[in-house]
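This is what each chain is made of:
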Amino acid sequence: MYGTQSQRDLSLELPISRPSIHARRAKITVKFQDLYGFTVEGNVDDANILNEVREKVRQQGRAWWALEASKGANWYLQTHVSSALKSSLKFSNLVNAITLKKLIRKGIPPVLRPKVWFSLSGAAKKKSTVPDSYYNDLIIAVEGKVTPATKQIDHDLPRTFPGHPWLDTPEGHASLRRVLVGYSFRDSDVGYCQGLNYVAALLLLVMKTEEDAFWMLAVLLENVLVNDCYSNNLSGCHVEQRVFKDLLKKKCPSVYAHLETLEFDVSLVATEWFLCLFSKSLPSETTLRVWDVLFYEGAKVLFNVALAIFKMKEEELLMTQYVGDVINVVQNTSHHLFDPDDLLTVAFDKIGFMTSTNISKERKKQEPAVMAELDQRLRRLNSSNTNVDSGLT
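These figures come from a predicted structure and were not determined experimentally. (Residues numbered from 1 in each chain as written. Predicted model: local features only at pLDDT ≥ 70, side-chain atom pairs only at ≥ 80, totals over all residues. Heavy atoms only, no water.)

Undergrad: Any details on the overall build of the protein chain? Residues and values, ideally.
TA: The secondary structure content of the protein chain amounts to 19 helices and two strands. Buried positions account for 48% of the 393 residues belonging to the protein chain. When contacts within the protein chain are restricted to residue pairs at least 6 apart in sequence, those whose partners lie at least 24 apart make up 74%. Total accessible area on the protein chain is roughly 20,100 Å²; 52% of this is exposed by carbon and sulfur atoms. (Helix = DSSP H or I, 4+ residues; strand = E, 2+ residues; numbered from the N terminus. Buried < 20%, exposed > 50% of the residue type's maximum accessible area, 1.4 Å probe, protein only. Contact = heavy atoms within 4.5 Å. Areas by Shrake-Rupley, 256 points an atom, 1.4 Å probe, with all protein chains shown as cover.)

Written as C-alpha cells, this is what we have:
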C-alpha cells in the first residue's frame, strides 16, 4: 500500500558538499501501490503525498458516514431533481443538494463510489428499463461472434494497464472483454473505439462487478458524454478539441498565444484526455476524483480539468521553445498529480465558472467546421483509393 518502499531504491552518492535533504529525497526512488492496485513509481515526497491523500480519504469517509447516520443511507438521492421542480423543493432538499455538490468535489469515499456513482449517474435508472437478465442474456448471445470490434478488443486487452495485479491476468482480460464486447453489440454505431478499454477497466475496478461496470459504461456513452465522441470518425471528439482550444484562448490567453507561436496543436495531448477520460494521464485516485464530479455534474468537468493542467504550469509553459518541451511539461505534470485537491482546486476555483449550456452552444458553433473537415478528409481518401484501384487495373 502507500508508502511501501521498494527493494530497488537507488543508492545515494554523497559528494563532499552534502546536498539538501529535499535533494537527497528526490533521488530516492520508491514503488508503492495505490488504492486500486496500480504500482506507482516516484520519490519519497510522492509517497508522502499519497499518504496524506489516504488520510484525506479517511476524513471524507467520516463526513459521509456522519451524513448517512443523520439523514439516512440514501439521503443523496433526494437531491437529484429537475430544474422545473426547484420552486417547489423543500428547503432541506436544497440544503442536501448544496452539501452533496461540495462533498462530491471533495471526493466520494472509495467504498461508497460504486453505490453513489450507480445512483447519481443514471445507470440504475437505465438498468431498470430492461429485464434483470439483460446483461447475462447479451453476453451469452454474443459469445463466439467475431466482428472488427471484437478483433480490436482482443488486440487491446494485453495493452490495457499492463502489470496490474488483476486486470493483467486471464481472469481480468476475460472480464474486461465481456464488458467491451457486450457494449459493442448493444450500440453498433459506437462498436468499440480505442480508449474505451482503459475507461471500462477502471470502471471494473471501482464497480467490482461486470454488470455494474457495463451499465456505467452505457450511461457514460449514452448520457454523460457528448454524442459521437467514440463514433467511427470521432466527430464528437474533434468537436471537443475545438471547444477546448477556444476555451484555452479565453481562460489562459498568454499560454494560448505562446502555443500558437510554437504551432503547438492541443490535440496532441488533449485527444487522449477526452477519449480515455484522463485514465491514462492522471494517477488513478486523481482520475476517479475527476470522475466523481463527471458523473454528477456532466462532461463540462473535463474542460475544467484540462484547462487546469495548463493553468497550473503557466509560467513553465511560457518558457518552452519547442513542441516537445510543451508535451513534456504537460505529461510530467499530469503523471505526478498525486494529490487530487491540487488539480481540482485550480479546476473549480481558478478557471472560472462554466455552464453546461454555454459548453453546448460552443459545441454547436464548432460542429459545422468539424463535419466539413471530416467530409473533405473522406473525399480525399475516396479519391486516393479510386486512383490506386485505377492504377491496378
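Undergrad: Describe in detail the packing of aromatic side chains, supporting the description with residues and values.
TA: Evaluated as defined, the whole model comprises 19 aromatic pairs. Ring centres of Trp75 and Tyr76 lie 6.1 Å apart, and the angle between their planes is 80 degrees; on these two criteria the pair is classed as edge-to-face. Like Trp75, the residue Tyr76 is buried in the burial classification. Here the aromatic rings of Phe214 and Trp215 are separated by 5.2 Å at their centres, their planes lie at 85 degrees, and the arrangement is edge-to-face. (Phe/Tyr/Trp six-rings, centres within 6.5 Å; stacked < 30°, edge-to-face > 60°.)

Undergrad: Give me the lowdown on helix 8 (residues 170-186), citing residues and values where you can.
TA: An ideal rise of 1.5 Å per residue puts 24 Å on 17 residues; helix 8 measures up with 24 Å between its terminal C-alpha atoms. Taken as a whole, helix 8 has its buried residues at Gly172, His173, Ser175, Leu176, Val179, Leu180, Val181, Gly182, Tyr183 and Ser184. Looking at the buried positions of helix 8, the neighbouring elements they touch are helix 6 (134-142), helix 7 (148-156), helix 9 (196-207) and helix 10 (210-224). (Expected span 1.5 Å × (residues − 1).)

Undergrad: Kindly report on the environment of Val293, identifying the contributing residues and their values.
TA: Tracing the backbone shows Val293 in helix 14 (residues 284-297). Note: C-alpha distance between Val293 and Arg105 (188 residues apart in sequence) is 6.0 Å. In this structure, Val293 is in contact with Ile104, Arg105, Gly298, Val301 and Phe348, ignoring residues within four places of it in sequence.

Undergrad: Could you give an account of the side chain of Asp339, with specific residues and numbers?
TA: Mapped onto the secondary structure, Asp339 falls in the loop between helix 17 (323-335) and helix 18 (340-350). Of the residues examined, Asp339 reaches a relative accessible area of 8% and is grouped as buried. Of note is the side chain of Asp339, whose polar atom sits 2.9 Å from the side chain of Lys56. Among residues more than four places away in sequence, those in contact with Asp339 are Ile49, Val53, Lys56 and Thr286. (Polar contact = N/O pair within 3.5 Å; in protein donor to acceptor, adjacent residues only side chain to side chain.)

Undergrad: Break down helix 13 (residues 267-276) for me, citing the residues and quoting the values.
TA: Of the residues making up helix 13, those classed as buried are Val269, Ala270, Trp273, Phe274, Leu275 and Cys276. Buried positions along helix 13 lie against helix 9, helix 11 (235-251), helix 14, helix 15 (300-312) and helix 17.

Undergrad: Mind laying out the confidence of the model for the protein chain, listing which residues take part and the relevant values?
TA: When pLDDT is averaged across the protein chain, the result is 87; 87% of the residues are at 70 or more. Throughout residues 1-24 the model reports pLDDT below 50, and contacts reaching past four residues in sequence, or to other chains, amount to 34 contacts. Under a pLDDT of 50 for its full length, residues 81-89 has, in the predicted model, two contacts with residues more than four places off or in other chains. (pLDDT = per-residue confidence, 0-100.)

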